[in-house]
Amino acid sequence: MDFLNTTRDDPVLHFDSELIHSANAWLLQAHKEVLQAVRSEQYAIAREKLGQLLHTLQDFYSHSNWVELGHRHIHPHLLRPGREIKSIAGADIQTCSSCSYWTCEGNLLESLVTKGLLTTGYYGTRPEKPKGKCSHGGKFDDSRHRDPHGGINKDSSSLFFSPHHYLHNEAAALAQEATTDFLKFLQREIGKKQFMRLLDISPATGLSFVVDTTGSMGEEINAAKSQARKIIDSRRGSLHEPDFYLLVPFNDPDYGPILKTSDPEKFWEFLDTIHPLGGKDEPEMCLSALELALQNSPPYSEIFVFTDASAKDAHLKNSVEALIQEQKCKVTFLITEDPSRSRVKRETLAPDRFNLYVDLAHSSGGQIIFTNNENIRQVAKIIGESSISSVTLFYHQKGATFSLEDSHRRTRRQAAKREVHPFWIDSLVDKVVMTLQGAIRDFTIQDPAGSTQNSTVSHGPLAEIQSIGSIYRLSLFSPVHPGEWTLMLRSKGNYSVHIQGQSTLDFLHYFAVQMDGRHPGLLKMDSSPIEGVPVYLVVTATGLSPPESGSVQLEAVNLAGKTGSLGKIRLQRDANRTDLFVAELPPSLPAKGGFTIILQGVDSEGRKVERAAPQVATVAGSLLELSRDTPVFPGRPVSIAWKLTNPGSLKQYGLQASSAPQLPLNVSSSRLQLGLNQTATGQIALHVPSAADPGSVITVTLQARPLHPVEDPTFAHIHLLVMPSPPVRNLSRPFCNASWAHGSCGPPQLPCHTGHWTATLHIWDKAGVRSVQAEGGAVVPHQADGPAESVSYTSDCCSREATLVVTNRLGEKYRCRVEAPPAVPGKVVGSTSGGTAAAAVIAPWWRVLVPFLVACLAL
């Protein structure tokens, strides 16, 4: 909220500029959006909006004079439907005196305390601070240099950032009390289970199936049904019960519809209706279905794809990869290859047609399993094992293709080669499972003590080994001996090794950039690191015991590229949290190839501990951002702002937008050119269908593809929650009141440009005013005036009336009309010798209040 372009300078979102009425209206609307998102089970959207709401709520206590008025309890009417915040200082009331020091004591005028009037500080220049009003203050606020100097914010205990730093603890305590009070109220509204999901306390996430439904997929569909039934029955009521079940069928040329539910029985009933349909040709719409699943799955979900065909829509690979990184979902492919199947002749198909799936599985931290019709049911058991949270201990892939057919061909014509793979199992890992597949002839595993077991021994001293076609599954016996293990194998072609285990120690991460402003710090990026931009890695460790217990000490991160380490960076622990770490990434990360983040440390006995992030991180060549600042309603137009920044050399871009569900979209610029560090902005326009269901989500994706030089595209996504249409307002309908008009346009024979008039307009709108613009002209500044907002409009006498278009914070527009006062008989407008307009010579007696209510005509 303090960093993003659409939120950092909006005074309403920070209770600045005395816009107390509008800020409270925004809080009430945000509360409605949180409730709608929760009731629609869109918890990620609800969580983001809740974070914004709490930020604004807490800012009230640090940015207003509530504490200085002597209050020791939270405001009783703030964020309470049906209640109004009264006693707000009007525009004509001065609130502060000047302060010459970093610490400002007694700079709030005594009259505010006497009358109990609320005020908040002005920040920066949007809007300009009126005479006599308080500033926010602090070293980053330019308005503090305008009289009255100083400020009143209590954001921190530092005098350089907060002139009222000596009241920080009191303000923080009230902000915390208000937060707790609202969260308790919200819990009562939505229920404890939904509240746990909203705060992401529930350990489970989502389980998603993407299933090919063509005629040859009968066994795969039955296997998916069998495993889904077992998962539902085994996890019902447990901590590992999925929050969501999701199913996306596909074939050619169709995919969907999507089923998403938290009711396991409803999911089972729908899954049981899926049957193989006609059509046995290659390829299929696999990536379209997978993209739909990613757009609707909660973060960190597990997605399983069942198919026996390659992708017809391979052009979606980059978009799917971007979604995988954004959602941090694992994608596992179960590919059935059986020469007896009745698809097209296999000799006509490219042997590398599944390489796309191999790349996606690897980049997501999932697996790709090749099997056949005979073994599909046994292989499908992997779903039940993998969907419980696990950590990857080792991954190796030899060759791009290691499908069944490729393995058989290579086995016939190649000699076996011996290869050795050491891997480390630390003291915090248990229930280790090894999956080997491909052209592997035999293998041996060895533990740190030197004990060994050969692949021919199904139940030996170290593991239970199961052979399923060309797949080996090894379950190491518990407790697992910590230390360096060794896998020795002989292969006759391509293969893969995937080793995972369960552990309480893991980590989450995101990338951030350094930002200045009223609260300097690290801004979380929604994208990958940007080439040439200084980037920080922020790590949150989970399952980490307190340092004094001596369990694990985290020390560094290793950035592992395809050809070796790209650098080892020391971690810096946060001073206030033992689980939060920061590392500054090297500026020379490659734009191609990607890298894996490996967290490194030692246990209580000094033995190494490592955890690898499941998803492969990539470096983007451009920064693309999407934002939306008003709610979305059925039957109304929507405008999404985009911003594209090029941190590198000259590039030409092509922009393309899409949405799910598919809607007509219009991008303001489809092609543009940007030089070094140049930025372009624009809009994406769409119209929400009148039949759109409240609670549904529209996902808009914008792609910026460098055309010259040709590079991988950059993607940005935004999820729009459709809200119920606002009720038709009667008595509470917005209205305008032109309260003052002064100036004179004089006799008609004088040149019209020599005279000027000004009208002051008051606007009452319960939703709050976002902008005021002269129809066909420029934006007109507006400012708070108690419960209303005021606008001063000035024009020369060539135009004696004007229509102002007001847009409120719900996106509603209406018109307010203003006009020049009548000419005063016998008075003329003077001019300077240079011919520029001077102030009109007006006798004081004519300056009268000219009130008139103007009907608010809906556009």
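Before going into details, it helps to say that this report is about the structure given with it. Small disclaimer: the values here were computed from a predicted structure and weren't measured.

### Quick notes on the overall build of the chain
Phase 1 of the analysis: Broken down by element type, the chain carries 13 helices and 39 strands.
Phase 2 of the analysis: Out of the 859 residues belonging to the chain, those deemed buried represent 54%.
Phase 3 of the analysis: A separation of at least 24 residues holds for 72% of the contacts in the chain among residues at least 6 apart in sequence.
Phase 4 of the analysis: Summed over all atoms, the accessible surface of the chain reaches about 37,900 Å², with 52% contributed by carbon and sulfur.

### What about unusual backbone geometry?
Across residues other than glycine, the phi torsion is negative in most instances, and most of the peptide bonds are trans.
Phase 1 of the analysis: Here the amide bond leading from D147 into P148 is cis, since omega sits at -5°, within 30 degrees of zero.
Phase 2 of the analysis: As for its placement among the helices and strands, P148 is situated in the loop between α3 (110–115) and α4 (168–190).
Phase 3 of the analysis: Here the bond from H708 into P709 is cis, since omega is -5°, no more than 30 degrees from zero.
Phase 4 of the analysis: Structurally, P709 can be placed in the loop between β29 (697–708) and β30 (714–721).
Phase 5 of the analysis: Positioned with a positive phi, F15 is a non-glycine residue whose angle comes to about 55°.

### What about the environment of S17?
Phase 1 of the analysis: By the secondary structure assignment, S17 is in the segment before α1 (20–39).
Phase 2 of the analysis: Here S17 falls in the buried class, since its relative accessible area comes to 2%.
Phase 3 of the analysis: Between the C-alpha atom of S17 and that of K133, which follows or precedes it by 116 residues, the distance is 8.9 Å.
Phase 4 of the analysis: Leaving out residues up to four positions away in the same chain, S17 has contacts with P11, T120, G121, Y122, Y123, P127 and A784.

### Some details on the state of the cysteines
Phase 1 of the analysis: All told, the structure shown has 5 disulfides when counted by the stated rule.
Phase 2 of the analysis: Note that C99 is cross-linked by a disulfide to C104, the S-S spacing being 2.3 Å. Here C99 and C104 share a disulfide; its torsion about the S-S bond, -100°, makes the bridge left-handed.
Phase 3 of the analysis: There is a disulfide in this structure between C752 and C798, and the S-S distance comes to 1.9 Å. Torsion about the S-S bond of the C752 and C798 cystine: about 75°, corresponding to right-handed handedness. Of this pair, C752 sits in the loop between β31 (735–743) and β32 (756–764) while C798 sits in the loop between β35 (788–796) and β36 (801–808); the two residues are 46 residues apart in sequence, bridging distant segments of the chain.

### Considerations on the sheet that holds strand β4 (residues 302–307)
Phase 1 of the analysis: Spatially, 6 strands are ordered β3-β2-β1-β4-β5-β6 in an open sheet, and the strand pairing comes out mixed. If you trace the sheet from one side to the other, it starts and ends with β3 (259–261) and β6 (368–371), each paired once. When strand polarity is set aside, the average angle formed by the axes of neighbouring strands in this sheet is 10°.
Phase 2 of the analysis: Strands in contact with helix α6 (residues 218–235) are β1 (206–212), β2 (244–250), β4 and β5 (330–336); relative to β1, the strand with the most contacts, it is inclined by about 165°.
Phase 3 of the analysis: The sheet contacts of helix α8 (residues 286–296) involve β1, β2, β3, β4 and β5, and relative to β2 the element is tilted by about 160°.

### A look at the sheet that holds strand β22 (residues 608–612)
Phase 1 of the analysis: Spatial ordering of the open sheet is given by β18-β17-β21-β22, a layout of 4 strands whose pairing is antiparallel. Of all the strands in the sheet, the pair left with one neighbour each is β18 (564–570) and β22. Along the sheet, successive strands turn relative to each other by an average axial angle of 30°, direction set aside.

### A few points about the packing of α6 against helix α7 (residues 264–271)
Phase 1 of the analysis: Running from amino to carboxyl end, α6 crosses α7 at an angle of 170°, the nearest separation of the two axes being 11 Å. By the criterion of interaxial angle, the relationship of α6 to α7 is roughly antiparallel. For the pair formed by α6 and α7, the contact residues are A224, K225, A228, R229 and I232 on the first element and P264, E265, F267, W268 and L271 on the second.
Phase 2 of the analysis: Tallied by class, residues from the contact of α6 with α7 come to 7 nonpolar, no polar and 3 charged.

### Comments concerning the pattern of salt bridges
Phase 1 of the analysis: With the rule as written, the count across this model stands at 25 salt bridges.
Phase 2 of the analysis: R577 is paired through a salt bridge with D579; the nearest N and O atoms lie 3.1 Å apart.
Phase 3 of the analysis: Judged by its relative accessible area of 39%, R577 is partly exposed.
Phase 4 of the analysis: One network of salt bridges, with partners in common, ties together D10, D629, R770 and R809.

### Thoughts on a nonpolar patch on the surface
Phase 1 of the analysis: Taken together, the side chains of W102, L159, F160 and F161 present a nonpolar region at the surface, about 340 Å² in accessible area.
Phase 2 of the analysis: Locating W102 in the fold gives a position in the loop between α2 (43–63) and α3.
Phase 3 of the analysis: Since its relative accessible area comes to 37%, W102 is described here as partly exposed.

### Some words on α6
Phase 1 of the analysis: Taking 1.5 Å of rise per residue, 18 residues should cover 26 Å, and α6 covers 26 Å from first to last C-alpha, within 8% of that figure.
Phase 2 of the analysis: For α6, the set of buried residues is E220, I221, A223, A224, K225, Q227, A228, I231, I232 and R235.

### Description of the side chain of T699
Phase 1 of the analysis: Here T699 lies in strand β29.
Phase 2 of the analysis: Within polar-contact distance, the side chain of T699 engages the side chain of H719 at 3.0 Å.
Phase 3 of the analysis: Aside from chain neighbours lying at most four places away, what touches T699 is Q295, S658, S659, A660, I718 and H719.

### Here we look at the packing of aromatic side chains
Phase 1 of the analysis: The full count for this structure, using the stated rule, is 18 aromatic pairs.
Phase 2 of the analysis: Residues F140 and F161 carry aromatic rings whose centres are separated by 5.9 Å and whose planes lie at 15° to one another, so their mutual orientation is stacked. Taken as a pair, F140 in the loop between α3 and α4 and F161 in the loop between α3 and α4 lie far apart in primary sequence, 21 residues in all.
Phase 3 of the analysis: Here F140 falls in the partly exposed class, since its relative accessible area comes to 30%.
Phase 4 of the analysis: Judged by relative accessible area, which is 30%, F161 ranks as partly exposed.
Phase 5 of the analysis: Geometrically, the ring pair formed by F209 and F306 is stacked, given 6.2 Å between the ring centres and 15° between the ring planes.

### Some points on the side chain of S64
Phase 1 of the analysis: Here S64 shows up in the loop between α2 and α3.
Phase 2 of the analysis: Under the relative-accessibility criterion, S64 is labelled buried at 0%.
Phase 3 of the analysis: In this structure the side chain of S64 is engaged in a polar contact, spanning 3.2 Å, whose partner is the backbone nitrogen of W66.

### Description of α7
Phase 1 of the analysis: Those residues of α7 lying buried are P264, F267, W268 and L271. Mapping the buried residues of α7 onto a view down its axis gives an arc of 100°, with all of them on the same face.
Phase 2 of the analysis: Looking at the packing, one finds that the buried side of α7 touches β1, α6, β2 and β3.
Phase 3 of the analysis: You can read the cap of α7 off the contacts: a side-chain oxygen lies 3.0 Å from the backbone nitrogen of E265, and it is on D263.

### Focus on the pairing of strand β20 (residues 580–584)
Two faces make up the sheet, and in a regular strand the side chains alternate between them.
Phase 1 of the analysis: Pairing of strand β16 (residues 536–542) with β20, which is carried by 5 bridges, proceeds in the antiparallel orientation. For L537, the partnering residue across the bridge sits in β20 and is A583.
Phase 2 of the analysis: Direction of pairing for strand β19 (residues 572–573) relative to β20: antiparallel, over a ladder of 2 bridges. Opposite R573, over in β20, you have F581 as the bridge partner.
Phase 3 of the analysis: Linking β19 to β20, which pair antiparallel, is a turn of 6 residues.

The rules behind each value
Residues numbered from 1 in each chain as written. Predicted model: local features only at pLDDT ≥ 70, side-chain atom pairs only at ≥ 80, totals over all residues. Heavy atoms only, no water. Helix = DSSP H or I, 4+ residues; strand = E, 2+ residues; numbered from the N terminus. Buried < 20%, exposed > 50% of the residue type's maximum accessible area, 1.4 Å probe, protein only. Contact = heavy atoms within 4.5 Å. Areas by Shrake-Rupley, 256 points an atom, 1.4 Å probe, with all protein chains shown as cover. Disulfide = S-S within 2.5 Å. Pairing = 2+ DSSP bridges. Axes fitted to C-alpha atoms, helices over the stretch in contact; angles between N-to-C directions. Parallel < 35°, antiparallel > 145°, perpendicular 65-115°, else oblique. Nonpolar A, V, L, I, M, F, W, Y, C, P; charged D, E, K, R; others polar. Salt bridge = Lys/Arg side-chain N within 4 Å of Asp/Glu carboxyl O. Patch = residues over 30% accessible without salt bridge, like charges linked within 9 Å, V, L, I, M, F, W, Y side chains within 5 Å. Expected span 1.5 Å × (residues − 1). Polar contact = N/O pair within 3.5 Å; in protein donor to acceptor, adjacent residues only side chain to side chain. Phe/Tyr/Trp six-rings, centres within 6.5 Å; stacked < 30°, edge-to-face > 60°. Arc of directions from axis to C-beta.

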